[in-house]
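The lines below spell out each chain.
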Amino acid sequence: MDHTDIKFDTKVQYLKYRVLSEVGRNAWEGTLTEKLLDIPKMIVPGKEPTMRCCVYKERAILGERVRIAMGGDRSNPNVIEVVDIACDGCPSAGYEVSDSCRSCLSHRCEAACKRGAIYFDHNHTAHIDKSKCVECGMCAQVCPFSAIVNRKRPCQSACKINAISFDDDDAAIIDNEKCISCGACVYQCPFGAITDKSFILDVIDMIKYSDNNRKYQVYAVVAPSISSQFTHAKLGQVVTGLKKLGFYKVTEAALGADMVAKAESKELAEKEFLTSSCCPAFVSYIKKSFPDLVPFVSHNLSPMATVAAYIKSRKPDAKVVFIGPCTAKKMEVQLDSVKPYVDSAITFEELQAMFSSRDIDLNELEESELSGASYFGRIFAHCGGLAEAVVEGLKEQGLEDFELNAISCDGIEECRKVLLKKSKNALKENFIEGMACIGGCIGGAGCVTHDARNRILVDKHSKAATEKTILGAIADAEI
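These figures come from a predicted structure and were not determined experimentally.

Asks: What am I meant to see in the environment of C155 here?
Replies: The topology assignment puts C155 in helix 7 (residues 154-158). On the basis of relative accessibility, which here comes to 6%, the residue C155 falls in the buried class. Linking C155 and I194, residues 39 residues apart in sequence, is a C-alpha distance of 8.2 Å. Filtering out sequence-adjacent residues up to four positions away, C155 remains in contact with I164, F166, C185 and I194.

In structure tokens, the structure reads:
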């Protein structure tokens, strides 16, 4: 397959895909060990660099990307890693005085600074003493020329929970005690210096062993947002592509969402207040930043884990791989409550690389059906979908007497505001749908594309199942 036929949002994603593809290709062929050092040279074959100051540094960074594509630092429990040698392109973070400073006499910036961090040279030009500055931004607010600017790094701006700081060499450091593995920094880093570990080698090994020994079958559980990805082909062709990769059966995570909608709506009616448990980054955020609210988190597993548990209850020897838009799912599968059901998780980015590693051209394939879930299970993919499904779940179970007053949080900042209200007993709503990514799962860091049409495509896919109720989808479930 011609790599240029595949469209990504950024060249960073494209580079990541190239590395994953080559690692995957050699893993299938059993040549990864002997060709490990050749992969950077295959991607940058000439003597001239394409992205960095010199070809040697470029290949060194690619070598690090290969390591992360193979699972990264297994001693680091976080799935988000920093490539230190790639993290040198951004300016030092914080407020700085730009060339727009007019050396005025009013010195409003000095008066606004409560830390004494503003000083002036002999030309009355302002400067900031970084050892005193606390990044409050008051000086920038009062400058009449807007001469003081915030050089905040993209990763810092993307991380809404302040989990990123910098070492003495200005390389990013991730605080695992705060990080919720949402991947926002991964998608926003313009140098690809922050990335998520890949577990495609684990998935390839599962499939190869299954093919050779026939001792178990490998199931692919796909997130409903898959309908907004791989737009260069039809969804049915993607399903066929998964089977061609070696997956025995492709199951909708949306079926698990139907099961969750049924159970969670009933739990809500019994407890009278609940926060959702579907987004692992949101749940992790509650545990780390609002521990007093943990008892309010739904006791139901996520749709991924729920449908995986259903599969293994009928096929105990099966292996289950989740495929979706979410880097936080890679953390969720490590939880003791989830580990027995889900064997690995990969993103849509990694799935595209796996297709290429086997030279699978989706456009040449016939279509296979992807069915089993209701409209309400599939709309979990975007913010507001879960709340709508809970309404339906209450209705179908005869629990309409419970008056639902839901609030859907679009992004972690909205989640924080609502959780703060709840922690102060100032929230009037009785159900919180928390989505860490803007837009919900359709905005996940592991998406191939983050297009405005993603929600439209998911809704179109969801409406194709409107003839099914939540309870009907569960009753008709087949593995």
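Now that the structure has been shown, we can carry on.
Asks: Hey, could you run me through the pairing of strand 14 (residues 406-410) in this one?
Replies: A regular strand carries its side chains on alternate faces of the sheet. Summarising the sheet, strand 14 and strand 15 (residues 431-435) pair through 5 bridges and their orientation is parallel. Residue pairing in the sheet places C409 in a bridge with G434 of strand 15.

Asks: Honestly, the packing of aromatic side chains in this entry has me stumped. Any pointers?
Replies: The geometry of an aromatic ring pair is captured by two quantities: the separation of the ring centres and the angle between the planes. Under the defined criterion, the tally for this structure stands at 10 aromatic pairs. Ring geometry for Y285 versus F290: centroids 5.7 Å apart, planes at 75 degrees, classification edge-to-face. The exposure classification of Y285 matches that of F290, with both residues buried. Ring centres of Y375 and F376 lie 5.1 Å apart, and the angle between their planes is 85 degrees; on these two criteria the pair is classed as edge-to-face.

Asks: Could you clarify how one ought to interpret the sheet that holds strand 15 in this entry?
Replies: The strands making up a sheet associate through backbone hydrogen bonding, with each pair oriented either parallel or antiparallel. As summarised here, the arrangement of the 3 strands in space is 11-15-14, forming an open sheet in which the pairing is parallel. With partners counted over all chains shown, the strands left at the sheet margins are strand 11 (274-275) and strand 14, one partner each. Where strand 11 meets strand 15, 2 bridges bridge the pair, whose relative direction is parallel. Counterpart to T275 in the pairing with strand 15 is I432. Along the sheet face, helix 17 (residues 385-396) touches strand 14 and strand 15 and points at about 145 degrees away from the line of strand 15.

Asks: How do you make sense of the layout of surface pockets when you look at a structure like this?
Replies: A water-sized probe, rolled over the atoms, reveals where empty space remains. Approximately 620 Å³ is the volume found for the largest pocket. In terms of lining residues, the largest pocket is bounded by 26 residues, among which P280, V283, S284, K287 and L335 are the most central. Of all the secondary-structure elements, those providing two or more residues to the lining of the largest pocket are helix 12 (280-289) and helix 14 (329-332). In terms of residues, the lining of the largest pocket owes the most to one element, helix 12, which gives 5 residues. Roughly 480 Å³ of volume is contained in the second largest pocket. A158, C182, A184, A436 and I438 are the residues nearest the centre of the second largest pocket, which is lined by 29 residues in total.

Asks: Just checking my understanding: could you explain the sheet that holds strand 13 (residues 344-347) for this structure?
Replies: One open sheet holds the 4 strands; their spatial order is 10-9-12-13, and the pairing between them is parallel. Strand pairing shows two members of the sheet lacking a second neighbour, strand 10 (249-252) and strand 13, which therefore form its edges. Ignoring strand direction, the axes of neighbouring strands in this sheet form an average angle of 25 degrees. Against the sheet, helix 9 (residues 200-213) engages strand 9 (218-222), strand 12 (319-324) and strand 13, with an angle of about 120 degrees to strand 13.

Asks: I would appreciate a short explanation of the packing of helix 10 (residues 235-245) against helix 15 (residues 348-357) in the present structure.
Replies: For any two helices packed against each other, the geometry is given by the interaxial angle and the distance between the axes. With their axes 10 Å apart at the nearest point, helix 10 and helix 15 run at an angle of 60 degrees to one another. Classed by the angle they form, the pair helix 10 and helix 15 counts as oblique. Our pair here, helix 10 against helix 15, has a crossing hand that is left-handed. Between helix 10 and helix 15, the contacting residues are V238, G241, L242 and L245 on the first element and L351, M354 and F355 on the second.

Thresholds applied
Residues numbered from 1 in each chain as written. Predicted model: local features only at pLDDT ≥ 70, side-chain atom pairs only at ≥ 80, totals over all residues. Heavy atoms only, no water. Helix = DSSP H or I, 4+ residues; strand = E, 2+ residues; numbered from the N terminus. Buried < 20%, exposed > 50% of the residue type's maximum accessible area, 1.4 Å probe, protein only. Contact = heavy atoms within 4.5 Å. Pairing = 2+ DSSP bridges. Phe/Tyr/Trp six-rings, centres within 6.5 Å; stacked < 30°, edge-to-face > 60°. Axes fitted to C-alpha atoms, helices over the stretch in contact; angles between N-to-C directions. 1 Å grid on protein atoms, 1.4 Å probe; cavity = no way out; pocket = protein on both sides within 12 Å on 5 of 7 lines; lining within 4 Å. Points joined across faces, edges and corners; volume = space filled by probe spheres on them. Parallel < 35°, antiparallel > 145°, perpendicular 65-115°, else oblique. Left-handed = near helix turned anticlockwise from the far one by under 90°.

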